[in-house]
Amino acid sequence: MSAGSATGATGTVLAPGARIRAEVDEEAVRLLAERLYGISVQELTELPGYDDRNYRLTEDPNVKNPLILRHSPHGYVLKIMNSMDSKNLTVVEAQNELMNFLSRRSVTCPVPVRNVFGQLHSLETLGGQQHAVRLLEFVPGELLKDVPRSDALCYQLGEFVANLDNKLQNFTHSGLAGREHIWMLSQVPELEKFKYVIEDPDNLDLVEEVIEEFKYAVVPQLGDLERGVIHGDINEQNVLVDRKPQPSNSEYRIAGIIDFGDVQESYYVFELAIAMTYLMLLTGQPRSAGVLLAGYSVTRRLPDHEYRLLKTLVSARLVQSLVLGAYTLQQDPANTYVTCSARAGGWQLLRRLRKSPPQPDGDDTDWRAVADEYLTRS
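Residues numbered from 1 in each chain as written. Predicted model: local features only at pLDDT ≥ 70, side-chain atom pairs only at ≥ 80, totals over all residues. Heavy atoms only, no water.

Going by what an unreviewed UniProt entry lists, the protein chain is known as Hydroxylysine kinase and is assigned to Papilio machaon. Its UniProt record gives the protein chain the following Function (unreviewed entry) comment, quoted word for word: "Catalyzes the GTP-dependent phosphorylation of 5-hydroxy-L-lysine." Comment text from UniProt for the protein chain, heading Catalytic activity (unreviewed entry), reads "(5R)-5-hydroxy-L-lysine + GTP = (5R)-5-phosphooxy-L-lysine + GDP + H(+)". (UniProt positions renumbered as here; feature names shortened; annotations may be inferred.)

Written out as structure tokens, the structure reads:
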């Protein structure tokens, strides 16, 4: 799930024990919004997150604010980036430019707001550490996790991911070159440093098995995978949906994407694997990833050598989410958001992908077969 934990100017990936989340209270957030953006806050709500802090806020309509030229009717999100990511402000600049890039190309996503200095971010000292602070327009809509799941929605998600990456093929930014953070799939071997948090020996065996498989099955092939800028965290809490217009307004459709904290130069098949992982956690059904693949494949070609890596990549993302979720909870016991993959049945799904014998009615993890069957039927 979404996290920062990136390299800073020193080029080091998050080390165990580092505390990087901003130490800030609601009053300090209100003062930041007023000082940097002229906003008199009427309502303030902290949103869930890993290493960054995000606050949804609405303006007091009785206080005139001439500093923001285009007022967002749905309010704003004030983002306070973790201290590690904040060391590399070119990444922040890249995220801001990427959101504007996609917004101009008809992708519904947040757009950044300029502060009193005319900048899209500023560096603020909070709790003795420096944190990048910026304001985004709030994008209304329901989250994918909160609406009924259907094959049609899974298929649309695949189409959306493919279309998003097709657009991102035309985006580059120097701030993303060489960026590394612990949530990039390419960093799975780094999980060796964090696996000590997994106390159950059977779970630990699974973790070690997946890390080793990633090293020998994926790493040697990285040079043969199609590379570009990806969102990096397409999950059920970052995908927006809305209702279809009449007469079928009981159905939902994919509407937009939020949270660009993990944007990176990486591999398009990693984007696909991440989206498949979180969809399976949401539905509890490995088959749903095949329906997503059907939608994706209609718009983007997936070469055979990349398809063969999908089960390892999905397993690796599950391990990443489970290990880093357990680690982050150890560092910040109040942040129960970080255990959502475990609570959603992450360990059970991992075992099902790794250990389950073939079923008599077909293999629901043979995602290409599921995709072909869905496309033929529909």
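**What about the overall build of the protein chain?**
Helix and strand content of the protein chain: 11 helices and 11 strands. Evaluated residue by residue, the protein chain yields a buried proportion of 57% over its 378 residues. Intrachain contacts of the protein chain at a sequence separation of at least 6 include 77% that bridge at least 24 residues. Working note: accessible area of the protein chain is about 16,000 Å², and carbon and sulfur atoms make up 48% of it. (Helix = DSSP H or I, 4+ residues; strand = E, 2+ residues; numbered from the N terminus. Buried < 20%, exposed > 50% of the residue type's maximum accessible area, 1.4 Å probe, protein only. Contact = heavy atoms within 4.5 Å. Areas by Shrake-Rupley, 256 points an atom, 1.4 Å probe, with all protein chains shown as cover.)

**Topic: helix α11 (residues 367-377)**
Among the residues of α11, those classed as buried are Trp 367, Val 370, Ala 371 and Tyr 374. Along the axis of α11, the buried residues cluster in a sector spanning 100°; they form a single face. Packing partners of the buried residues in α11 comprise α3 (151-168), α5 (268-283), α6 (287-299), α7 (304-307), α8 (310-331) and α10 (346-355). (Arc of directions from axis to C-beta.)

**A short note on the packing of helix α4 (residues 201-218) against α10**
At their nearest, the axes of α4 and α10 sit 11 Å apart, and the two run at 55° to each other. With respect to each other, α4 and α10 are oriented oblique. Helix-helix and strand crossings are classified by hand; for α4 and α10 the assignment is left-handed. Two secondary-structure elements touch here, α4 through Asp 202, Asn 203, Leu 206, Val 207, Glu 209, Val 210 and Glu 213 and α10 through Trp 347, Leu 350, Arg 351, Arg 354 and Lys 355. Here the residues of the contact of α4 with α10 are counted per class, giving five nonpolar, one polar and six charged. (Axes fitted to C-alpha atoms, helices over the stretch in contact; angles between N-to-C directions. Parallel < 35°, antiparallel > 145°, perpendicular 65-115°, else oblique. Left-handed = near helix turned anticlockwise from the far one by under 90°. Nonpolar A, V, L, I, M, F, W, Y, C, P; charged D, E, K, R; others polar.)

**Quick look at unusual backbone geometry**
Despite not being glycine, Ser 106 shows a phi value in the positive range, around 65°. Secondary-structure assignment places Ser 106 in the loop between α2 (89-103) and β4 (112-113). Relative accessible area serves as the criterion here: at 72%, Ser 106 is assigned to the exposed category. Positive phi is not limited to glycine here, since Asp 259 has a value of about 65°. Mapped onto the elements, Asp 259 comes out in the loop between β10 (252-257) and β11 (264-267). Assessed through its relative accessible area of 18%, Asp 259 is described here as buried.

**Remarks on the pattern of salt bridges**
All told, the structure shown has 19 salt bridges when counted by the stated rule. Put simply, Glu 190 and Lys 193 hold a salt bridge, and the shortest N to O gap is 2.7 Å. The exposure class assigned to Glu 190 is partly exposed, which follows from its relative accessible area of 24%. Looking at Lys 193, the relative accessible area reads 45%, which means it is partly exposed. (Salt bridge = Lys/Arg side-chain N within 4 Å of Asp/Glu carboxyl O.)

**Quick word on the packing of aromatic side chains**
Summed over the entire model, instances satisfying the criterion amount to four aromatic pairs. Between Tyr 155 and Tyr 374, the aromatic rings sit 5.6 Å apart at their centres with planes inclined by 35°, giving tilted as the arrangement. Here the residue Tyr 155 occupies a position in helix α3, and Tyr 374 occupies one in helix α11, the gap between them amounting to 219 residues. Between Phe 194 and Tyr 327 the ring centres are 4.9 Å apart and the planes differ by 75°, which places this aromatic pair in the edge-to-face class. One end of the pair, Phe 194, is in the loop between α3 and α4; the other, Tyr 327, is in helix α8, with 133 residues separating them in the sequence. (Phe/Tyr/Trp six-rings, centres within 6.5 Å; stacked < 30°, edge-to-face > 60°.)

**Focus on the nonpolar core**
In terms of nonpolar packing, the biggest core is built from 89 residues, with Leu 98, Leu 102, Leu 157, Phe 270, Leu 310, Leu 313 and Trp 367 touching the most fellow members. In terms of residues, this core owes the most to one element, α5, which gives 13 residues. Counting contributing residues per domain, this core is built from domain 1 (26-137) and domain 2 (142-377), each supplying no fewer than three. Leu 102 has contacts with Val 107, Cys 109, Leu 164, Lys 167, Leu 168 and Phe 260, leaving out every residue within four places of it along the chain. In this structure, Val 24, Leu 32, Leu 57 and Val 133 belong to the second largest nonpolar core, which totals 20 residues. (Core = buried A, V, L, I, M, F, W, Y, C linked by side-chain atoms within 4.5 Å. Domains from an automatic or database assignment.)

**Focus on the sheet that holds strand β9 (residues 239-243)**
Read from one edge to the other, the open sheet built from three strands follows the order β7-β9-β10, with strand pairing classed as antiparallel. The open sheet terminates on both sides in strands that have one partner only, identified here as β7 (142-143) and β10. (Pairing = 2+ DSSP bridges.)

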